[in-house]
Amino acid sequence: MVDQNRKNRLNPEQYASLKAEIAAPYRGLRQFIYIAFGASGSIGAFVFFFQVLAGRNVETAMPSLALQLGIVALMVFLWRWEQRRQQRPQSGKNPNS
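Because the structure is predicted, anything quoted here is derived from the model rather than measured.

Thoughts on the pattern of salt bridges
So, point 1. All told, the structure shown has 2 salt bridges when counted by the stated rule.
So, point 2. The closest approach of N and O atoms between E82 and R27, which form a salt bridge, is 3.6 Å. Pair noted here: E82 is in helix α4 (residues 58-87) and R27 is in helix α3 (residues 27-54), with a separation of 55 residues, a long-range link. With respect to burial, E82 and R27 carry one shared label: buried.
So, point 3. Judged by relative accessible area, which is 5%, E82 ranks as buried.

Written out as structure tokens, the structure reads:
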């Protein structure tokens, strides 16, 4: 039994990777979503900005431009929040208590 246990042990890099995934599950997926939605919002803001600049459909383009800028701002906020949570030391204690 002892020999079988030694074969199943992980090296330190694998253990650290699994521990990080347990602490923040689906972190890579969330970051991909932040990037994808931020890029989409940026493209939309670019299009609506030039529609407003050209004076075409200003009544409908302005709210759409504001929405796209809001999406970009939200994705930047979420990205930075995710980065701050990662850099915070993992002491095992609840910071709210």
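There's more to say after this.
Some thoughts on α3
So, point 1. Its 28 residues give α3 an end-to-end C-alpha distance of 40 Å, which sits within 8% of 40 Å, the value for a rise of 1.5 Å per residue.
So, point 2. Within α3 the residues assigned to the buried category are R27, Q31, Y34, G38, G41, G44 and A45.
So, point 3. Where the residues of α3 are buried, they touch α4.
So, point 4. Remark: G55 follows α3 within two positions and exhibits a positive phi of approximately 80°.

Considering the environment of A20
So, point 1. Tracing the sequence through the fold places A20 in helix α2 (residues 12-23).
So, point 2. By relative accessible area, A20 is classed as partly exposed at 46%.
So, point 3. Once the C-alpha coordinates of A20 and Q86 are considered, the two residues, 66 residues apart in sequence, prove to be 9.3 Å apart.

Observations concerning unusual backbone geometry
For residues other than glycine, phi is negative in most cases, and the peptide bonds are mostly trans.
So, point 1. A positive phi angle, near 60°, is found at Y26, a position not held by glycine.
So, point 2. Although it is not a glycine, N57 adopts a positive phi angle of roughly 50°.
So, point 3. With respect to the helices, strands and loops of the structure, N57 is situated in the loop between α3 and α4.

The rules behind the values
- Residues numbered from 1 in each chain as written.
- Predicted model: local features only at pLDDT ≥ 70, side-chain atom pairs only at ≥ 80, totals over all residues.
- Heavy atoms only, no water.
- Salt bridge = Lys/Arg side-chain N within 4 Å of Asp/Glu carboxyl O.
- Helix = DSSP H or I, 4+ residues; strand = E, 2+ residues; numbered from the N terminus.
- Buried < 20%, exposed > 50% of the residue type's maximum accessible area, 1.4 Å probe, protein only.
- Expected span 1.5 Å × (residues − 1).
- Contact = heavy atoms within 4.5 Å.

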